[in-house]
Amino acid sequence: MKKILITGGAGFIGSHLCKKLLDEGNDLVCVDNYFTGSKENISQLFKSAYFEVMRHDVCFPLYVEVDQIYNLACPASPVHYQHDPVQTTKTSVHGAINMLGLAKRINARILQASTSEIYGDPEIHPQKEEYWGNVNPIGPRSCYDEGKRCAETLFFDYQRQHKLDIKVVRIFNTYGPNMHPNDGRVVSNFIMQALQNQDITVYGDGNQTRSFCYIDDLVNGMIKMMSSSSKVIGPINLGNPTEYKIMDLAKIIIELTKSKSKIIKRNLPLDDPMRRKPDISEAKDAIDWEPTTDLQDGLEQTIEYFKNKLK
Ligand code: NAD
Ligand code: UDP
């Protein structure tokens, strides 16, 4: 039984990670300030004696004794991370400093939930880990993109300077149950709109692309990365390489929900990346991981979740 700390454990990805690690027989400490996460996401886990929750903001130091740390605390939806951009950068940077400091003190292995936003609006397609990215340092998305880039810098400096046992995964657009209905990201927005026969809001012309990974696949990848040999430090892309236009995603969701919704166009947000698709050959080689859930299966499970939320 390992003692594991998960920051951001009450959020969308964190709650699935907590469930899986608990099911595997570990002893968990979940830390969250509930900025975007909720107790509801983890309510099923409270009955376990090996699940402990702390309301705590990672911008402040934390003292716990664990073997492993998964650092996920940070709002991930553009709507939420742009709501208080200064806090977003603080969460990424101060959060990383505090969690790395903790890992160093207690000699724990630490994994950073980094992001495809590291690549910004990419000029290289699909995105490989060695690509340095095309990021606006002063735009509305910068608090998140640059915060996450700085966190990666800190992880690699702690590894070089203090020989810390680090792991960095770059997560591409992930979806599934436990996303907040008002999360603001595309999959939850479109499903909620479709289920209520409201207009589906496609930003821009809908020709921009994303590659959507189902949550169970992602969580398997994160755990595989954490369990890999200490030589595998990353960064490693985790995502589903099948690419969709946002307009096509809207049509698929209308079909799957048998919705009467119409598609309407809204302005494309500033600096919205035009294309995104992970090259996952590194994940296949280093940790023998690739996603197995296709978009239709994943969407059906997600639609079921949101249907229950609306009851
Ligand atoms: P989420 O918003 O559902 O979860 C983030 C969690 O962190 C929430 O529970 C929130 O309350 C908590 N949190 C935020 N600030 C905090 C702070 N200062 N102290 C403590 N807790 C704090 O988002 P998610 O989709 O579950 O994302 C989790 C992580 O994965 C994030 O770090 C995000 O950047 C990364 N990521 C997610 C995706 C994706 O598609 N979901 C893609 C790339 C990267
Ligand atoms: N998007 C959209 N309608 C919405 C929400 C998002 O067309 O209601 C678009 C958004 O402009 C972007 C893509 O969907 O091109 C993915 O957006 P999301 O916020 O999910 O994540 P991102 O990958 O941009 O961080």
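Keep in mind the model is a prediction, meaning the values are calculated, not measured.

Focus: the overall build of the protein
Counting its regular elements, the protein contains ten helices and 13 strands. Relative to the compact-globule value of 19 Å for 311 residues, the protein shows a C-alpha radius of gyration of 19 Å, a close match. Taking the principal axes of the C-alpha coordinates as reference, the protein spans close to 55 × 45 × 35 Å. Out of the 311 residues belonging to the protein, those deemed buried represent 56%. Across the protein, the fraction of contacts at a sequence separation of at least 24, relative to all contacts at a separation of at least 6, is 81%. Working note: accessible area of the protein is about 14,100 Å², and carbon and sulfur atoms make up 48% of it. Of note, the protein has its 37 positive side-chain charges centred 2 Å away from the centre of its 39 negative side-chain charges.

Examining the site of ligand 1
What surrounds ligand 1 is a group of 29 residues, the closest being Asp32, Thr36, Tyr144, Lys148 and Thr174. Between ligand 1 and Asp32, the relevant distance is 2.5 Å, taken from an oxygen atom to a side-chain nitrogen or oxygen of the residue. Within the backbone of Phe35, an N or O atom sits 2.9 Å from an oxygen atom of ligand 1. Listed by contribution, the elements that provide at least two residues to the shell around ligand 1 are helix H1 (12–23), strand S5 (109–115) and helix H5 (142–162). Per-element accounting of the shell around ligand 1 gives the leading share, three residues, to S5. Classifying every residue of the shell around ligand 1 by side-chain character gives 14 nonpolar, eleven polar and four charged.

As for the state of the cysteines
Under the definition given, this model contains zero disulfides. You can see Cys18 has no disulfide; the closest cysteine sulfur is in Cys30, sitting 4.4 Å from it. Of all cysteine sulfurs, the one in Cys74 lies closest to Cys143, which takes part in no disulfide; the gap is 8.2 Å. On the basis of relative accessible area, Cys143 is assigned to the buried category, the value being 9%.

Brief notes about unusual backbone geometry
With the exception of glycine, most residues fall at negative phi, and the peptide bonds are largely trans. Between His125 and the following residue, Pro126, the backbone shows a cis peptide bond with an omega angle of -10°. When you line up the elements, Pro126 lands in the loop between S5 and H5. With an omega dihedral of 0°, the bond running from Gly234 to Pro235 counts as a cis peptide bond. Tracing the sequence through the fold places Pro235 in the loop between helix H7 (215–227) and strand S11 (236–238).

Scoring rules and cut-offs
Residues numbered from 1 in each chain as written. Chains lettered and ligands numbered in written order. Predicted model: local features only at pLDDT ≥ 70, side-chain atom pairs only at ≥ 80, totals over all residues. Heavy atoms only, no water. Helix = DSSP H or I, 4+ residues; strand = E, 2+ residues; numbered from the N terminus. Rg over C-alpha atoms; globule rule 2.2 N^0.38 Å. Buried < 20%, exposed > 50% of the residue type's maximum accessible area, 1.4 Å probe, protein only. Contact = heavy atoms within 4.5 Å. Areas by Shrake-Rupley, 256 points an atom, 1.4 Å probe, with all protein chains shown as cover. Lys, Arg positive; Asp, Glu negative; His and termini not counted. Charge placed at Lys NZ, Arg CZ, Asp CG, Glu CD. Near = heavy atom within 4 Å. Polar contact = N/O pair within 3.5 Å; in protein donor to acceptor, adjacent residues only side chain to side chain. Nonpolar A, V, L, I, M, F, W, Y, C, P; charged D, E, K, R; others polar. Disulfide = S-S within 2.5 Å.

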